[in-house]
Amino acid sequence: MTNGGPNQGRASTGKMVTSMHQHPRFALVEVVYNWALGMSFNRITDLTDVMEGTIVRVVTRLDETCREVMSAARLVGDPTLYQKMEKAREMIRRDVVFCASLYM
């Protein structure tokens with residue numbers, strides 16, 4: 001069987017899966033950084049040609065990662081790391097990215 005592409009691998013079930021973890025992409029670092037600094041979503045979208053939904057998904061996944069690191073920091077007894085992740089979450093959890101729904 002041939003490889004399905006650079007971002008695909010085999011799961012334990014033998015099925016092909018797509019994974020961002022094999023080849024991390026850092027194109028949205030500047031976008032997320034500016035979002036955390038308080039830039040408006042409208043201005044954020046001007047920084048990249050990536051679709052708005054992708055930006056929202058990246059920020060929400062970063063929030064999930066921060067939450068998981070907070071959990072790990074609590075388990076290993078690292079209050080400094082916990083506080084840093086808490087602050088990062090506060091900086092990115094705002095505005096349209098964390099609205100329950102854009103449809104009213």
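First things first, this report covers the structure right here in the doc. (Residues numbered from 1 in each chain as written. Predicted model: local features only at pLDDT ≥ 70, side-chain atom pairs only at ≥ 80, totals over all residues. Heavy atoms only, no water.)

1. Details of the overall build of the protein chain
Across its full length, the protein chain carries 4 helices and 2 strands. Secondary structure elements of the protein chain occur, N-terminal to C-terminal, as β-β-α-α-α-α. Across the 104 residues in the protein chain, those meeting the buried criterion constitute 23%. Of the accessible surface of the protein chain, which amounts to about 7,900 Å², a share of 56% is contributed by carbon and sulfur atoms. (Helix = DSSP H or I, 4+ residues; strand = E, 2+ residues; numbered from the N terminus. Buried < 20%, exposed > 50% of the residue type's maximum accessible area, 1.4 Å probe, protein only. Areas by Shrake-Rupley, 256 points an atom, 1.4 Å probe, with all protein chains shown as cover.)

2. Describing the side chain of Asn34
Looking at the secondary structure, you find Asn34 in helix H1 (residues 29-36). Among residues more than four places away in sequence, those in contact with Asn34 are Met39, Ile44 and Leu47. (Contact = heavy atoms within 4.5 Å.)

3. Overview of the packing of aromatic side chains
In this structure the tally under the stated criterion is 1 aromatic pair. A centroid spacing of 6.0 Å and a plane angle of 90° characterise the contact between Trp35 and Phe41, whose relative ring orientation is edge-to-face. For Trp35, a relative accessible area of 1% translates into the label buried. A residue is classified by how much of its surface remains accessible, and Phe41, at 14% relative accessible area, is buried. (Phe/Tyr/Trp six-rings, centres within 6.5 Å; stacked < 30°, edge-to-face > 60°.)

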